[in-house]
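# Examining the three-dimensional arrangement
Residues per chain are reported as follows:
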There are 2 protein chains.
Amino acid sequence: MANFMSICTMRNLLVLSLALNLSLIMRVFYEGEKHGPRGFSAQKADRALEKAAHATQRTLVSLSSSGQDDGEKLINLDHGDPTMYESYWQQMGEKTTVVIPGWQSMSYFSDVKNPCWFLEPEFAKQVVRLHNLVGNAVTEGRQIVVGTGSSQLFLAALYALAPKDASEPISVISAAPFYSSYPSMTDYLKSGLYKWAGDARSFDKEGPYIELVTSPNNPDGFVRHSMVNRTGGILVHDLAYYWPQYTPISSAADHDLTLFTVSKATGHAGTRIGWALVKDPEVAKKMIKFIELSTIGVSRDSQLRAARILEVIINSSQNPGGPESGESFFKISYHFMAERWQLLREAVNKGRFFSLPDFQQGFCQFLNQVSQPQPAFAWLKCEDEGVEDCESLLRGHKILTRGGRSFGVGPKYVRVSMLDRDHNFNLFLKRLASIQT
Amino acid sequence: MANFMSICTMRNLLVLSLALNLSLIMRVFYEGEKHGPRGFSAQKADRALEKAAHATQRTLVSLSSSGQDDGEKLINLDHGDPTMYESYWQQMGEKTTVVIPGWQSMSYFSDVKNPCWFLEPEFAKQVVRLHNLVGNAVTEGRQIVVGTGSSQLFLAALYALAPKDASEPISVISAAPFYSSYPSMTDYLKSGLYKWAGDARSFDKEGPYIELVTSPNNPDGFVRHSMVNRTGGILVHDLAYYWPQYTPISSAADHDLTLFTVSKATGHAGTRIGWALVKDPEVAKKMIKFIELSTIGVSRDSQLRAARILEVIINSSQNPGGPESGESFFKISYHFMAERWQLLREAVNKGRFFSLPDFQQGFCQFLNQVSQPQPAFAWLKCEDEGVEDCESLLRGHKILTRGGRSFGVGPKYVRVSMLDRDHNFNLFLKRLASIQT
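Residues numbered from 1 in each chain as written. Chains lettered and ligands numbered in written order. Predicted model: local features only at pLDDT ≥ 70, side-chain atom pairs only at ≥ 80, totals over all residues. Heavy atoms only, no water.

By the naming in an unreviewed UniProt entry, chain A goes by Alliinase C-terminal domain-containing protein and is assigned to Prunus persica. Recorded in UniProt for chain A, the comment headed Sequence similarities (unreviewed entry) runs: "Belongs to the alliinase family." Its UniProt record gives chain A a comment under Subunit (unreviewed entry), which states: "Homodimer." (UniProt positions renumbered as here; feature names shortened; annotations may be inferred.)

Here is the structure:
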């Protein structure tokens, strides 16, 4: 036990030291850019930064592969908890801090002149600025509706879009593999307004329906469009992952009802803030009514915090590496995701036991370069014929994932979070490698 | 116009000056208590403080009655927006401030070891401390479930208590006058699990039911117990107003499922935080599941803020007037409410047009004195035979209230918020007086 403790401590110190290295490297580049000769290009800094990040992460990986993993620790990659982003926000320091005095934001009302009376004007302003900057969604002519995460907005959308006096509940569908919570969220209250009707690909019922289009898709990461092509369909676009670190931004989304969430965009899941961009004011009004009835508005504190976070991201993108703005959030996150996907593909390609989806690269308008899709989840398939249930296999190696059945497909698939902290991600890679040998 | 502006400015200056007086008076007493001879009792300071607060408020009232009300301003006393409390929190200064760095509370999870994994341990700790201090609820042997306001917890309770495989939805009832949102919150999703069944007094359907007991009651302020006395009933106690400023604390509530909310306890409505004390762990588990499915947890930022606010209140009660703790929140709020109710009763008693409920005083264990019920809402009745609809009458005088029909009774009644800012409350009194003359 004493021996184990001493190994742990040494290892922790090493990890700490490596993390410090990374931070120092970043500082050197930041200082270099600030004080360096004119013409020291941002791209150059980016590439160097990328290499340095790679080198450090590889060392971390080799460290965790060097026999330090005692195999006892449970790695929970079932949820998409975006704790990977913590290190970026730590590096950004005090400019990310929000200060709320006891007498601020006490009233229920954020803005009595806005149909969405619980929407903080500062949050709405930063949402519009961010979309204009990234180019991933049209905000003009849209009502912004804020929600307690995008889950609440998904339910608000069902409520708003379902006919109130129909003889039976409207069908809610999505193409498999679909987000695993859609069926239970739709059906848990046995609503007479809407009802889960399964895979959009096999949907053949007459009459109106609501189709959920998640793009890039959770769990598999592919860009998606509506699968059912007939009249009477109402579309809800869940674009939680349509950000430059996960997928090329090909054009500004211009749909009737689009959902976004802070948790996947910036990593602030605990803040519980999402937003919808809604074209039809009557639909927006009903969504607002839903939020009134279910939670009488949305935390003003969280909206203020989210506004600050979005503002920091915008500044970091508009003036990357500047003394006030810090390193570009989307570029750093893109590099981190690229590195993780490269390491994962290397680990998977060492054997024939697993496979991953292949994506087509595309031109990202925001990054102004060709970029690879690198989703927030890995949609891993157990190719080995002896394995029926991939989730059980991984659980046997103390890796918690979510099995394919939850997403409407077979148990050969699992969804694995790519957004956990470095330590867990690296342990995961090591255990994947050990399964294949 | 120029003349009007100059009056306004003078009036504003006067109000400002009076507010400053109040603050100075409080400071004098606070200093007196800190530096005065031993034996200068807290009660003495309390009484002087109370008188000073009365004097200032009366001057404010006479000021607003002196012809400065142009009659054009709409006073919205329809909602129970607790903005009255802002002045207390302003006086308390920086100790009430919460500071949240960008890298804090990013994960979905607050406490993986707690069945309620989204409950911030610090918030839970302050909830228990507060109940122990005030003596208004038993916390031992209870699971605390945090919610996005008590609205979400009310819905979570319906979900948790309704049988999942019944042939028809369970009846949900409450004795009229009942909280106006209960019927719409219960029925808006046309749930197959539960259904609004109206006034508990006339409920005679066989089989199980859920009875909502709000005590003190919203809208009329009376202490309540279950109205239906037979087997098969499940009780949900909404004790949002069971705090010393509104009603005598006679004993610690010891029910199966009890709801509280920060908005009515401390005035922080925009924070959207409520909590439930739940005896049966299985019921608590289902409530937690509801919150997972509807919003994937509760804002961690708001919980951290609420924890700070509760801590400040506890300190102010344990060491009132101390240099670090400030004036006792509950005592000051009690005095403010007492003053408002006295002014309102005076205004109503000037004529025979209106009436108010009569309450029995009781001994408050927390204040250690006999105290009067002084509810957060005034349940006003138009006694005049010529008035059919009290809400319409008041709307004609640009006072927005909520009419009796919303609460399951007749239109002779209206509910009026007693928790608005001074200016609006005083305008309301003035207009009430003008209706009676």
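Further notes follow.
### A short note on the interface of chain A and chain B
Taken together, the 62 residues of chain A in the interface contact 62 residues of chain B. For the chain A and chain B pair, buried surface summed over both sides reaches about 5,000 Å², with 59% attributable to carbon and sulfur atoms. The interface formed by chain A and chain B holds two salt bridges in total. As a salt-bridge pair, Arg305 of chain A and Asp301 of chain B come within 2.7 Å of each other at their nearest N and O atoms. Linking chain A with chain B are 48 residue pairs in polar contact (both at pLDDT 80 or more), by the criterion used here. Of all the secondary-structure elements, those providing two or more residues to the side of chain A that touches chain B are α3 (86-92), β2 (98-100), α5 (149-161), α6 (182-187), α7 (262-266), α8 (281-295) and α9 (300-318) of chain A. It is α9 of chain A that contributes the most residues to the side of chain A that touches chain B, five residues altogether. Partitioned by chemical class, the residues of the side of chain A that touches chain B number 25 nonpolar, 28 polar and nine charged. Sheet topology places β2 of chain A next to strand β2 (residues 98-100) of chain B; three bridges connect them, and they run antiparallel. If you follow Ile100 of chain A over to β2 of chain B, its bridge partner there is Val98 of chain B. (Contact = heavy atoms within 4.5 Å. Buried area = accessible area lost by both parts, 1.4 Å probe. Salt bridge = Lys/Arg side-chain N within 4 Å of Asp/Glu carboxyl O. Polar contact = N/O pair within 3.5 Å; in protein donor to acceptor, adjacent residues only side chain to side chain. Helix = DSSP H or I, 4+ residues; strand = E, 2+ residues; numbered from the N terminus. Nonpolar A, V, L, I, M, F, W, Y, C, P; charged D, E, K, R; others polar. Pairing = 2+ DSSP bridges.)

### Considerations on the relation of the copies chain A and chain B
Mapping chain A onto chain B calls for a screw motion: a turn of 180° about the axis and a shift of 0.0 Å along it, with 0.0 Å RMSD after fitting. With respect to symmetry, the two chain copies, as superposed, fit the operation of a two-fold axis. (Least-squares fit on C-alpha atoms with pLDDT ≥ 70 in both.)

### Describing the pattern of salt bridges
Residues and elements named next belong to chain B. Enumeration according to the criterion identifies 24 salt bridges over all chains in this entry. With a shortest N-O distance of 2.6 Å, Arg300 and Glu120 are connected by a salt bridge. Linking Arg300 in helix α9 (residues 300-318) with Glu120 in the loop between β2 and α4 (121-134), this pair joins segments that are 180 residues apart in sequence.

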